[in-house]
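Coordinates in review
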Amino acid sequence: MFWRKRKKNVEVAENKETELSSVDKAVAILAPEYAWQEVDEYAILLEALAKEVGCERENRMEFDYTDWDNQASTDISEMQKRIDNMKLVGRVIKDIRFTSYIYGERGSWFGNTLDDFAEAYCKNAEIGKGFEGIIENLPDNPKFELDFMMDDPVIIEFEDGNRFEILTFVEGSFIATMNELPWNVKGKVNIETINASKLIDFCKGGVITKVEVEGGKTDFAEDGVLVVRIFWKTDAEYFFEFSSIAHDYMAVSVGNSNFEILRVPVIKALKSMYKPL
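As a convention, each chain's residues are numbered from 1 in the sequence order in which they are written. With pLDDT at 70 or above as the cut-off, local features in this predicted model cover only qualifying residues; side-chain atom pairs require 80 or more to be listed or tallied, and sums for whole chains, interfaces and linings still use all residues. Hydrogens are left out, water is left out, and the side-chain values use all remaining heavy atoms of the structure.

Let's talk about the pairing of strand S5 (residues 163-170)
In summary, the side chains of a regular strand alternate between the two faces of the sheet. To be explicit about the condition: Think of it in three bands: with a 1.4 Å probe and only protein chains considered, a residue is buried below 20% of the maximum accessible area for its type, exposed above 50%, and partly exposed in between. Helix and strand definitions here come from DSSP, where helices need a minimum of 4 consecutive H or I residues and strands a minimum of 2 consecutive E residues; each element is numbered from the N-terminal end. Only strands that DSSP links by at least two bridges are regarded as paired with each other.
Along S5, 6 of the 8 residues are buried, which leaves the element largely enclosed by surrounding structure. In this sheet, S5 lies alongside strand S4 (residues 154-158) in antiparallel orientation, the contact comprising 4 bridges. Across the sheet, the residue bridging to Glu157 is Arg163, located in S5. Hairpin connection from S4 to S5: 4 residues lie between these consecutive antiparallel strands, with Gly161 at a positive phi of about 95°. Where S5 lies against strand S6 (residues 173-178), 5 bridges are found, and the strand directions are antiparallel. Its bridge partner being in S6, Phe164 is matched across the sheet by Met178. As consecutive antiparallel partners, S5 and S6 are separated by 2 residues, and within that stretch Gly172 has a phi angle of approximately 90°, a positive value.

Here it is, written out as structure tokens:
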């Protein structure tokens, strides 16, 4: 599992000198009422960020995933045949959705690089009273890597009206379907946190050029489906990679023709967060 980093009490007494990390300083600036408590510092900073610069949530519909879940397969050749029969090659991407909460080693994807942002925040704290003035004046770095951990489906919508849905929730076993999940479906496990349509908007208009299915030995079987990779092209060549890892998570990454994971500017990443409820 991936847990948020927790910390000991932050001391901010006027008569006591303390050595604070950049995140501690940002928490003290943004949420001083928490400074005397043991707090989840990343969650506090993320919530403050999302309230200020995040995007509005959309209404999602409940869905019974029972029948959909039963279509999982560990057979590599069957999965390749199943996806080939969907005739994805040549389809044009209209939009993409992450229905999942996005995890990381500190609990959330943004937590993975939040130290860098907090440091930049503290250095630029004099620029305006809110986040807007600060983030608009941040340098290009840090950038956020398009490499995610999730436990709910990804949906890719095509311009012809069809939708491709994919998930692995047990290592070596994938579900891949067409038009079986509503575009507006609510995730199964936790509330979604990232607006992929905003974050990965450069995929829109991309044409699917190839789909690969890779397998291998897992901790639970001699052979299983480990990776589904969808290549697409706009002005350049890219891919989505869906990987079965950590027993019950799906890793999703976006890369280029050199198999390098792409990174996006901090401003774009922060503005793709959904505002907290």
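Topic: the pairing of S6
For S6, the tally of buried residues reaches 6 of 6 residues, placing the bulk of the element in the interior. Burial along S6 is two-sided: the face carrying Ser173, Ile175 and Thr177 and the face carrying Phe174, Ala176 and Met178 are both buried.

Notes on the sheet that holds strand S1 (residues 93-98)
We apply this condition: Where helices are involved, their axes are fitted lines through C-alpha atoms of the stretch in contact, as for all axes, and angles between N-to-C directions lie from 0 to 180°.
Taken in spatial order, the 4 strands line up as S1-S4-S5-S6 in an open sheet, and their pairing is antiparallel. Each edge of the open sheet carries a strand with a single partner, namely S1 and S6. Going across the sheet, the axis of each strand differs from the next one's by a mean of 15°, ignoring polarity. Of the pairings in the sheet, the one linking S1 to S4 comprises 5 bridges and is antiparallel in character. Among the inter-strand pairings, Ile96 is bridged to a residue of S4, identified as Ile156.

Here's the deal with unusual backbone geometry
Even without glycine at this site, Lys87 takes up a positive phi of about 55°. Among the secondary structure elements, Lys87 is positioned in the loop between helix H4 (76-84) and S1. Its relative accessible area of 61% is what places Lys87 among the exposed residues. You will see that Phe259, though not glycine, has its phi angle at about 60°, which is positive.

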